[in-house]
Amino acid sequence: MTKPYTGGCACGAIRYTTKHEPIFQNHCQCRDCQLRSGTGHGSYLTFPARAEMAITGEATHWEVAGDSGNIKIHSFCPRCGTPVYLRFAAMPDMIAVHAGSLDEPGRFAPHVLTYKIRGLAWDPIDPSLTAFEKMPTG
């Protein structure tokens, strides 16, 4: 068994833990991620089993449609404002956490860069990452 992934918000009101390994890790330079993060990208670890991720505390949720039309449900702490996780209406079993919310952010190992076309020169991403202009499918 691997070491659990744990994390939460800045004030500690929301905490999560999962024993699963992430199935996808990415940086995303879409405009929504830029606005939400206040920088040039968002960084995420996606896990396969939302039902097996223990989450404590109450998050506030915000829904937005991605360019595919699929709804993303962003969850953040109502007390400190930290973005913590997001879910996908079309894939309810999956959950993604923000890399910065990890207790050990050094465990984040991005596989790809999505929405590279919207990248900003002042926020460079590792050029060796495979980059996509949109979210890869299949």
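Note that the structure is a prediction, hence the values are computed from the model and not measured. Along each chain, residues carry numbers from 1 onward, in the same order as the chain's sequence is written. Totals for whole chains, interfaces and linings use all residues, but because this is a predicted model, local features are given only for residues with pLDDT of at least 70 and pairs of side-chain atoms are given and counted only at 80 or more. Working from all heavy atoms in the structure, the side-chain values ignore hydrogens and water.

## Brief notes about the sheet that holds strand β8 (residues 83-88)
Strand pairing is defined by DSSP finding a minimum of two bridges between the two strands. Only DSSP runs of H or I covering at least 4 residues are called helices, and only runs of E covering at least 2 are called strands; the numbering of each starts at the N terminus. Across the sheet, eight strands lie side by side as β6-β7-β8-β9-β4-β3-β10-β11; this open sheet has mixed pairing. The open sheet is flanked by β6 (60-65) and β11 (130-132), the only strands paired with a single partner. Going from strand to strand, the sheet's axes swing by 30° on average, the running direction of each strand aside. Note that strand β3 (residues 24-28) and strand β4 (residues 42-47) share five bridges and pair antiparallel. Residue C28 lies in a different strand from β4, and its bridge partner there is G42. Only the stretch in contact is used when fitting a helix axis, every axis being a line fitted to C-alpha atoms; angles between N-to-C directions are given from 0 to 180 degrees.

## Some details on the UniProt feature "domain: CENP-V/GFA" (unreviewed entry) in the protein chain
UniProt positions are given in the numbering used here, feature names are shortened, and annotations may be inferred rather than shown by experiment. With numbering aligned to this structure, UniProt lists the feature "domain: CENP-V/GFA" (unreviewed entry) at residues 5-126. The distance separating the terminal C-alpha atoms of residues 5-126 is 24 Å; by composition the span is 6% helix and 42% strand.

## Some thoughts on the nonpolar core
Looking at soluble globular proteins, one finds that nonpolar side chains tend to be buried together. Ranked by internal contacts, the top residues of the largest apolar core, which has 16 residues, are L45, F47, V97 and L102. Elements with a contribution of two residues or more to this core: β4, β8 and β9 (91-98). Contact definition: two residues touch when any of their heavy atoms are within 4.5 Å. Leave out the neighbours within four places in its chain, and V97 touches Y16, S43, Y44, L45, F47, M53, V84, Y85 and L102. Grouping buried Ala, Val, Leu, Ile, Met, Phe, Trp, Tyr and Cys residues that are joined through side-chain atoms within 4.5 Å yields what is termed a nonpolar core. Exposure is judged per residue with a 1.4 Å probe applied to protein chains only, and the accessible area is read against the type maximum: over 50% gives exposed, under 20% gives buried, and values in between give partly exposed. Among the nonpolar cores identified, the runner-up in size contains eight residues, and C28, Y44, L86 and F88 belong to it.

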